[in-house]
Amino acid sequence: MSFLDYLLGRRRNTAEIARERLQIILAREHTNRNAPDYLPALQQDILEVVAKYIPIDLQDIRVNLEREGDYEVLELNIPLSDDARGTTIRATTRAR
Amino acid sequence: MAKIIVVTSGKGGVGKTTTSASFGAGLALRGHKTVVVDFDIGLRNLDLIMGCERRVVYDFVNVINKDARLNQALVRDKRVEHLYMLPASQTRDKDVLTREGVDRVFHELQQELGFEYIVCDSPAGIEKGARMALYFADEAIVVTNPEIASVRDSDRILGILSANSRRAEEGMEPVKPYLLVTRYNPDRVEQGEMLSLETVKELLGIPLIGVIPESESVLNASNLGTPVILDEKSKAGVAYSDVVDRFLGENRPLRFISTERTSLLRRFFGG
Ligand SMILES: Nc1ncnc2c1ncn2[C@@H]1O[C@H](COP(=O)(O)OP(=O)(O)OP(=O)(O)O)[C@@H](O)[C@H]1O
Ligand SMILES: [Mg+2]
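As a starting point, this report considers the structure included with it. (Residues numbered from 1 in each chain as written. Chains lettered and ligands numbered in written order. Predicted model: local features only at pLDDT ≥ 70, side-chain atom pairs only at ≥ 80, totals over all residues. Heavy atoms only, no water.)

**Structural notes on the overall build of chain B**
Counted only if it meets this: Segments assigned H or I by DSSP are reported as helices when at least four residues long, segments assigned E as strands when at least two residues long, and all are numbered from the N terminus. With C-alpha atoms as the basis for the radius of gyration, the globule rule is written as 2.2 Å multiplied by the number of residues raised to the power 0.38. Accessibility here uses a 1.4 Å probe with only protein chains present; expressed as a share of the type maximum, an area under 20% marks a residue as buried, one over 50% as exposed, and anything in between as partly exposed.
From N to C terminus, chain B includes 13 helices and 8 strands. Radius of gyration (C-alpha) of chain B: 18 Å, near the 18 Å computed for a compact globule of 271 residues. In terms of overall dimensions, chain B has a C-alpha envelope of 65 × 40 × 35 Å along the principal axes. Looking at chain B as a whole, 54% of its 271 residues are labelled buried.

What follows is the structure, given as structure tokens:
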């Protein structure tokens, strides 16, 4: 922080940044909270199958679990590699 | 029936033991027979904070293993009537607490010894020890510092409370959680350097039972082995008294949550 900022009482509001980061991470962790125990294993198995055919980057995988009425909808978004022009595989399963 | 209250946080060092000692003492001061149980197996500390370390003979694990009777292990407070402490053991084996054992001890505390409140001082973490401490709880005081990691860990503990407590497993009314923000520094909040009370409350979404300011008297109290609530001149002590009153249904406005007008000079040079 520059001396001028200091004189003018301008400070970076770090608490605001902390609040935004927390909002995002808590929302994500709440989605995973209600996930069934087998979810990580299922995710791993699906990824292994997909990886047999397509080079994928594990970092880019998004798993989403949502409730829709009586159903739980599991969504696995796998961005394909660059040469596949960023298409996305979408595996949606419905389980009671 | 006694009420079982767990003091929990997930994150370590946020003020659970400080809170357990003062909260327990506050309930006892108001005439309720109260026991504070140290669940931090292997790291007994509540005895020091409550100033009764030299009178510990048997501990929680001895009672569970039936090597001692509950009466022999309970330490009665010398200053505060109606206040008792059940020390943790110093054993390294953390698996010594069993649900059956804890259940039996709690049952005896309520039915035979007539305790009204059982306050459980949880260890840090979300592993077995912390889960055991919260398992039997009716209500939970979630101790949170206005700091990013503490808020996240409190949120995780709330998830465990609502899914893995006895109340959850047996389909009873859920455990009632209360937010206790500790080590709060209104000056830094005003400077935009510390999460505000409102933000922490909004992020965790549970009712607030109090705010304990960052205060030097807490260290002094622990040096002396006196729960800080007994220090009526300290802000932290007064804030803990308010917490106990609110817990018992009294209406107490929050205190020490805004800056005392700091001088311009101090703002310029200071802190
Ligand atoms: N309101 C406060 N103001 C200043 N210092 C405090 C406050 N509350 C707690 N502390 C200090 O923070 C430290 C940790 O407190 P305490 O032992 O109660 O935390 P804890 O959550 O029980 O820790 P652990 O997770 O290791 O069991 C102690 O040194 C204590 O004196
Ligand atoms: Mg502790």
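**Section: the site of ligand 1**
All names here are of chain B. Put simply, the rule reads: When at least one non-hydrogen atom of a residue lies within 4 Å of a molecule or strand, that residue is treated as near it. Nitrogen and oxygen atoms within 3.5 Å of one another constitute a polar contact, given that in protein one can donate a hydrogen and the other can accept it, and given that sequence-neighbouring residues count only through two side-chain atoms. Under the scheme applied here, ten amino acids are nonpolar (Ala, Val, Leu, Ile, Met, Phe, Trp, Tyr, Cys and Pro), four are charged (Asp, Glu, Lys and Arg), and all others, including Gly, are polar.
Looking at ligand 1, there are 15 residues lining it, with Gly-13, Lys-16, Thr-17, Thr-18 and Arg-183 nearest. One of the backbone N or O atoms of Gly-13 is found 2.9 Å from an oxygen atom in ligand 1. Looking at the shell around ligand 1, the elements with two or more residues in it are helix H1 (16-29) and strand E8 (208-213). Broken down by element, the residue count for the shell around ligand 1 peaks at 3 residues, all from H1. Along the lines of polarity and charge, the residues of the shell around ligand 1 split into 5 nonpolar, 6 polar and 4 charged.

**Remarks on the pattern of salt bridges**
When charged atoms on two side chains of opposite charge get close, those side chains can pair. Let me state the cut-off plainly: Salt bridges are defined by distance alone: a side-chain nitrogen of Lys or Arg within 4 Å of a carboxyl oxygen of Asp or Glu.
Counted according to the given criterion, the structure contains 16 salt bridges over all chains. The shortest N-O distance in the salt bridge between Arg19(A) and Glu202(B) comes to 3.8 Å. Of this pair, Arg19(A) sits in helix H2 (residues 14-33) while Glu202(B) sits in helix H10 (residues 197-204), each in a different chain. Taking the shortest distance from any N to any O, the salt bridge between Glu250(B) and Arg252(B) comes out at 3.9 Å. Look at Glu250(B) and you get partly exposed, because its relative accessible area is 42%.

**A look at the sheet that holds strand E2 (residues 34-38) of chain B**
Consider a sheet: its strands pair through backbone hydrogen bonds, and that pairing is either parallel or antiparallel. Residues and elements named next belong to chain B. Under the convention used in this document: DSSP-based pairing: two strands are paired if at least 2 bridges between them are found. Any two residues having at least one pair of non-hydrogen atoms within 4.5 Å are treated as being in contact. In this description, a line fitted to the C-alpha atoms serves as the axis of each element, helices being fitted only across the stretch in contact, and the angle between N-to-C directions of two axes falls anywhere from 0 to 180 degrees.
A sheet is described by the order of its strands in space; here 8 strands give the open sequence E3-E4-E2-E5-E1-E6-E7-E8, paired in mixed fashion. One side of each edge strand has no neighbouring strand; the edge strands of this open sheet are strand E3 (75-76) and E8. When strand E6 (residues 139-144) meets strand E7 (residues 176-184), the two strands line up parallel, connected through 6 bridges. Bridged to Ile-141 within E7 is Tyr-178. Running over the sheet, helix H5 (residues 99-111) touches strand E1 (3-8), E2, strand E4 (83-86) and strand E5 (117-121) and is turned about 145° from E5.

**Focus on the packing of aromatic side chains**
Residues and elements named next belong to chain B. Going by this rule: Under the pairing criterion, centres of Phe, Tyr and Trp rings, with the six-membered ring standing for Trp, must be within 6.5 Å; the plane angle then separates stacked pairs below 30 degrees from edge-to-face pairs above 60, leaving the rest tilted. A ring is considered to have a charge above it if a Lys NZ or an Arg CZ atom is located within 6 Å of its centre and within 35 degrees of its normal.
Under the criterion given, the structure shown has 8 aromatic pairs over all chains. With a centroid separation of 5.2 Å and an interplanar angle of 90°, the aromatic rings of Tyr-84 and Phe-115 are classed as edge-to-face. Here Tyr-84 is found in strand E4, whereas its partner Phe-115 is found in the loop between H5 and E5, with 31 residues between them in sequence. Taking relative accessible area as the criterion, Phe-115 reaches 3% and is therefore assigned buried. Sitting above the plane of the Tyr-135 ring, Arg-99 keeps its charged end 3.6 Å from the centroid.

Any link to function would need more than the numbers given here.
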